[in-house]
Amino acid sequence: MADLRELYQEVIIDHNKHPRNFAKLDNFTHESEGYNPLCGDKIKLYLIIQNNMIKNINFEGSGCAISTASASLMTEFLMGKSVAEAEKAFKLFHDFMISDELKVDNELGKLKVLGGVKEYPMRIKCATLAWHALEAALHQDNQSVSTE
Ligand code: ZN
């Protein structure tokens, strides 16, 4: 557990200081906005999806370290994956974050470090915000989501 906690802090600090894929994307095919009123986190997500593959995924926004790091990790994880794989990852990640167990599906890879957030239940929505925005973007039903 101590190792996970250290790794969690390192990854959050790194991805918050140097968020990956942090820019507006031109020519995006899908977009959405996410807002977490509990913490004030806001993100905008841009995707280029061709032939059901995520060719590019970027985000912009302002929020706490956890929401920024989670969005950064998510874009890194989903880059080049299929839409079906992204949907599956959303479900795995969401279930992982709301369960009491620390057991993780290996398919989540590096995303498992976000399990460290579970020690701070108030912050779980910071970690899942980007993923809810992803769902909204993929379905294009309601392009603005709130965690409330
Ligand atoms: Zn937050």
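See the structure printed just above.
It should be emphasised that the depicted structure is a prediction, and the values quoted were computed from it without experimental measurement. (Residues numbered from 1 in each chain as written. Predicted model: local features only at pLDDT ≥ 70, side-chain atom pairs only at ≥ 80, totals over all residues. Heavy atoms only, no water.)

**Points about the environment of Lys-24**
So, point 1. Structurally, Lys-24 can be placed in the loop between α1 (2-17) and β1 (30-36).
So, point 2. Judged by relative accessible area, Lys-24 falls into the partly exposed class, the value being 47%.
So, point 3. Along the chain, Lys-24 and Leu-45 lie 21 residues apart, while their C-alpha atoms are 8.3 Å from each other. (Helix = DSSP H or I, 4+ residues; strand = E, 2+ residues; numbered from the N terminus. Buried < 20%, exposed > 50% of the residue type's maximum accessible area, 1.4 Å probe, protein only.)

**Structural notes on the packing of aromatic side chains**
So, point 1. Summed over all chains, the structure comprises 3 aromatic pairs.
So, point 2. Centre to centre, the rings of Phe-22 and Phe-59 are 5.0 Å apart; their planes meet at 75°, and the pair counts as edge-to-face. Taken together, the positions of Phe-22 in the loop between α1 and β1 and Phe-59 in strand β3 (residues 53-62) put the pair 37 residues apart, joining distant regions of the chain.
So, point 3. Residue classification places Phe-22 among the partly exposed residues on the basis of a relative accessible area of 38%. (Phe/Tyr/Trp six-rings, centres within 6.5 Å; stacked < 30°, edge-to-face > 60°.)

**Regarding the side chain of His-15**
So, point 1. Mapped onto the elements of the fold, His-15 is located in helix α1.
So, point 2. Judged by its relative accessible area of 0%, His-15 is buried.
So, point 3. A distance of 2.7 Å separates polar atoms of two side chains, one belonging to His-15 and the other to Ser-72.
So, point 4. Setting aside anything within four residues of it in sequence, one finds His-15 in contact with Arg-20, Thr-68, Ala-69, Ser-72, Leu-73, Glu-76 and Lys-110. (Polar contact = N/O pair within 3.5 Å; in protein donor to acceptor, adjacent residues only side chain to side chain. Contact = heavy atoms within 4.5 Å.)

**A look at the side chain of Thr-68**
So, point 1. Structurally, the position occupied by Thr-68 is in helix α2 (residues 65-78).
So, point 2. In this structure Thr-68 touches His-15, Asn-16, Pro-19, Phe-59 and Gly-63, once residues within four positions along its chain are discounted.

**Focus: the coordination of the zinc ion**
So, point 1. Donor atoms from the polypeptide that coordinate the zinc ion comprise Cys-39 (SG), Asp-41 (OD), Asp-41 (OD), Cys-64 (SG) and Cys-126 (SG), at 2.2 to 2.7 Å from the metal.
So, point 2. When the donor residues of the zinc ion are listed from N- to C-terminus, their spacing reads C-x1-D-x22-C-x61-C. Of the two residues, Cys-39 is situated in the loop between β1 and β2 (41-50) and Cys-126 in helix α4 (residues 124-139); the sequence distance between them amounts to 87 residues. (Donors = N, O, S within 2.8 Å, 3.2 Å for Na, K, Ca; no water.)

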